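Fold and geometry: a report
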Amino acid sequence: MSKLKIAIQKSGRLSEKSLELLKECGIKFPNGGGKLIAESKNFPIEVLFLRDDDVTKYVEQQVADIGIVGENVFIEANLSVNVLEYLGFGSCRLSLAVSKEVDYPGITYFEGKKIATSYPFILQKYLKEQGVSATIEFISGSVEIAPSIGLASGVCDIVSSGSTLMSNGLKEVDKVLDSQAILISNKALSIEKQALLDKLLFRIKSVLNAKE
Ligand code: ATP
Ligand code: ZN
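Note that the structure is a prediction, hence the values are computed from the model and not measured.

This paragraph deals with the coordination of the zinc ion (ligand 2). Coordination of the zinc ion (ligand 2) by the protein involves D52 (OD) and D53 (OD), with metal-donor separations of 2.0 to 2.1 Å. Taken together, the 4 donor atoms coordinating the zinc ion (ligand 2) span angles of 75 to 177° at the metal, a pattern that classifies the geometry as irregular. In this structure D52 comes out as buried when scored by relative accessible area, which is 19%. A relative accessible area of 44% places D53 in the partly exposed class.

It is worth spelling out the pairing of strand β7 (residues 114–117) at this point. Where β7 lies against strand β8 (residues 135–138), 4 bridges are found, and the strand directions are parallel. Paired with T117 across the bridge in β8 is F138. Each parallel crossover has a hand, and the one from β7 via helix α4 (residues 120–130) to β8 is right-handed. In this structure, β7 lies alongside strand β9 (residues 154–159), joined through 3 bridges in parallel fashion. Residue pairing for β9: I115 is matched across the bridge by G154.

Turning our eyes to something else, we now look at the domain arrangement of the protein chain. The domain boundaries assigned to the protein chain delineate domain 1 (4–90 + 180–211) and domain 2 (92–179). When each unit is reduced to the centre of its C-alpha atoms, the spacing between domain 1 and domain 2 is 30 Å. On the side of domain 2, 10 residues touch domain 1, which itself brings 9 residues to the contact. Taking both sides of the interface into account, the surface hidden between domain 1 and domain 2 amounts to around 790 Å²; carbon and sulfur atoms contribute 55%. Area buried by domain 1 at its contact with domain 2 is led by N72, I75 and E76, which between them contribute 66% of it. Linking domain 1 to domain 2 there are 0 salt bridges. Across the domain 1-domain 2 interface, the total number found is 6 residue pairs in polar contact (both at pLDDT 80 or more).

Before going further, it helps to examine the pattern of salt bridges. Summed over all chains, the structure comprises 11 salt bridges. A salt bridge links D53 to R51, with the shortest nitrogen-to-oxygen separation between them at 3.3 Å. Given a relative accessible area of 59%, R51 falls into the exposed group. In this structure, the salt-bridge partner of D178 is K175, at a minimum N-O distance of 2.6 Å. Bridged by salt links that share partners, the residues K3, E39 and E46 form one connected network.

What counts as what
- Residues numbered from 1 in each chain as written.
- Chains lettered and ligands numbered in written order.
- Predicted model: local features only at pLDDT ≥ 70, side-chain atom pairs only at ≥ 80, totals over all residues.
- Heavy atoms only, no water.
- Donors = N, O, S within 2.8 Å, 3.2 Å for Na, K, Ca; no water.
- Tetrahedral: all angles 85-135°; square planar, octahedral: opposite > 155°, others 65-115°.
- Buried < 20%, exposed > 50% of the residue type's maximum accessible area, 1.4 Å probe, protein only.
- Pairing = 2+ DSSP bridges.
- Helix = DSSP H or I, 4+ residues; strand = E, 2+ residues; numbered from the N terminus.
- Right-handed = clockwise from strand over helix to strand, strands pointing away.
- Domains from an automatic or database assignment.
- Contact = heavy atoms within 4.5 Å.
- Buried area = accessible area lost by both parts, 1.4 Å probe.
- Salt bridge = Lys/Arg side-chain N within 4 Å of Asp/Glu carboxyl O.
- Polar contact = N/O pair within 3.5 Å; in protein donor to acceptor, adjacent residues only side chain to side chain.

The following block contains the structure:
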């Protein structure tokens, strides 16, 4: 019998809520201490625990059939999968920030300057739309320190409360993207897997409706 494979974040900001959503759908898992794969006893589904950066790729490659990932990470991956549902958790935004001393005149501030980010694809697109030409410096983490070490004039990074920016002497000046967790699926599911997915989606929609 066919089983649905869902990829979720192993440990991080989306992990707990992703598992909670499945539980609210009535899907039970054994308490797997540190296991990377968990199989449900009461629904034909298997959970793969991955880095959030790998979820989209594995869904596209059909290593997993569906996945839960931040919209920011999904858009940056620029891969071909279906977006099935907005899940209402993991809310954040991708924003441009500069040193709090800067008298920010608007997006033209970045013309000819360098911006550090882990989201080069999204930022490039945004700058193009805004008609601004800037250099993008890719860094995979601790983006907020870039201005203070003289690596860039600003950053483009994930913000939720803004406290990380503030503690690094930065202020948010432009919003590039709003994001939340989304459910994605592979584009070529078998009929059996699609039937299981429809069943799961029906439950997810009921859970989300009840929360509204
Ligand atoms: P991994 O080890 O899986 O690569 P990570 O460190 O890249 O984890 P997290 O910090 O756990 O990722 O964030 C996962 C997702 O949670 C983000 O991509 C984003 O969609 C969402 N998110 C919500 N609030 C925040 C926040 N304040 N900072 C960062 N991400 C947030
Ligand atoms: Zn990550």
